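Geometric and topological summary
What follows is each chain in one-letter form.
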Amino acid sequence: LGVLLAVAAAWLSSAHTAHADDTADEADLLFQLGAEAYQRGEYREALKNFLGSNRLVPNRNVVFNIARTYEKLRQYPEAYRYFVSALDAEKDAAARARIEDAIEQIKAQVAVVDVVTDPPGATLYVDRKDLGPRGESPKKLGLAAGSYKIIADAPGYEPAETQVTDLKAGKTVPVKLALKQLLGTLSVEGAM
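Residues numbered from 1 in each chain as written. Predicted model: local features only at pLDDT ≥ 70, side-chain atom pairs only at ≥ 80, totals over all residues. Heavy atoms only, no water.

Overview of the overall build of the protein chain
Threshold: Starting at the N terminus, helices and strands are each numbered in turn, a helix being any DSSP run of H or I of at least four residues and a strand any DSSP run of E of at least two. Accessibility here uses a 1.4 Å probe with only protein chains present; expressed as a share of the type maximum, an area under 20% marks a residue as buried, one over 50% as exposed, and anything in between as partly exposed. Contacts: residue pairs with any heavy atoms within 4.5 Å of one another. Using the Shrake-Rupley algorithm and a 1.4 Å probe, accessible areas are obtained, with residue cover drawn only from the displayed protein chains.
Helix and strand content of the protein chain: six helices and seven strands. When the helices and strands of the protein chain are read in sequence order from the N terminus, they spell out α-α-α-α-α-α-β-β-β-β-β-β-β. Counting across all 192 residues of the protein chain, residues that qualify as buried make up 40%. Considering only contacts in the protein chain between residues 6 or more positions apart, those separated by 24 or more positions represent 51%. Taken as a whole, the protein chain presents about 11,000 Å² of accessible surface, with 50% of it coming from carbon and sulfur.

Written as structure tokens, this is what we have:
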């Protein structure tokens, strides 16, 4: 809780200096409501507000709070994904160490698919594109045990996909996807 409140204080001070419009005010309010709900142990309400705040004004500290809240709800794959996102955005060594410790604590509860694509930077999807992207490669995707279709898509390339079966919690499975570049020929004819 102390870490959450420290992060809350840091975010609130940065939100006021970085943004002075109604969107920032709304994000700030949602964050405050989320922090209050978290303190009361109302984790679903906290999560709803943290997600709303981060949707309006993306912030790595809020992402960390989302991860902690998912962890409290025992939704470990979601917590893992948000901890990884927080780690990707964090530059401070002490904060990175805290996030790495959090990931270590829950990794036994999560099946991880470590996706690398050629070329890197492909948008990744799990099972279906209409469920929304899960980030860009390279990316470690935290999932519940089971089987999934991993899809990679990038402009100028044919999508690539693979089926990953029998994922087990606590295990990491590497996945490499090569996207084939879309090539064509251009024929120009004309009279001289």
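A word on the confidence of the model for the protein chain
Basically, it comes down to this: Per-residue confidence from the predictor is reported as pLDDT, which spans 0 to 100.
Per-residue confidence for the protein chain averages 90 on the pLDDT scale, and 89% of its residues sit at or above 70. Every residue in residues 11-19 scores below 50 in pLDDT, and together they form 15 contacts with partners more than four places removed in sequence or on other chains.

Some thoughts on the packing of helix α4 (residues 60-72) against helix α5 (residues 76-89)
The following threshold applies: Angles here are taken between N-to-C directions and fall from 0 to 180 degrees, while the axes themselves are lines fitted to C-alpha atoms, restricted in helices to the stretch in contact. By the definition adopted for this analysis, an angle is roughly parallel if under 35 degrees, roughly antiparallel if over 145, roughly perpendicular if from 65 to 115, and oblique otherwise. Two helices that cross are described as forming a left-handed crossing if the nearer one is turned anticlockwise from the farther one by less than a right angle, and a right-handed crossing if clockwise. Residue polarity follows a fixed list, in which Ala, Val, Leu, Ile, Met, Phe, Trp, Tyr, Cys and Pro are nonpolar, Asp, Glu, Lys and Arg are charged, and the others, Gly among them, are polar.
With their axes 8 Å apart at the nearest point, α4 and α5 run at an angle of 160° to one another. Relative to α5, the element α4 lies roughly antiparallel. In the packing of α4 onto α5, the handedness of the crossing is left-handed. For the pair formed by α4 and α5, the contact residues are Arg60, Val63, Phe64, Ile66, Ala67, Arg68, Tyr70 and Glu71 on the first element and Tyr76, Glu78, Ala79, Tyr82, Phe83, Ser85, Ala86 and Ala89 on the second. Counted by class, the contact of α4 with α5 contains 11 nonpolar, one polar and four charged residues.

Thoughts on unusual backbone geometry
The step from Asp118 to Pro119 runs through a cis peptide bond, and the omega angle for that step is 5°. Checked against the element boundaries, Pro119 lands in the loop between β1 (111-118) and β2 (123-126). In this model, Ser137 is joined to Pro138 through a cis peptide bond whose omega is 0°. Residue position: Pro138 is located in the loop between β3 (135-136) and β4 (139-143). The phi angle at Asp127 is positive, at roughly 70°, despite the residue not being glycine. Relative to the elements of secondary structure, Asp127 occurs in the loop between β2 and β3.

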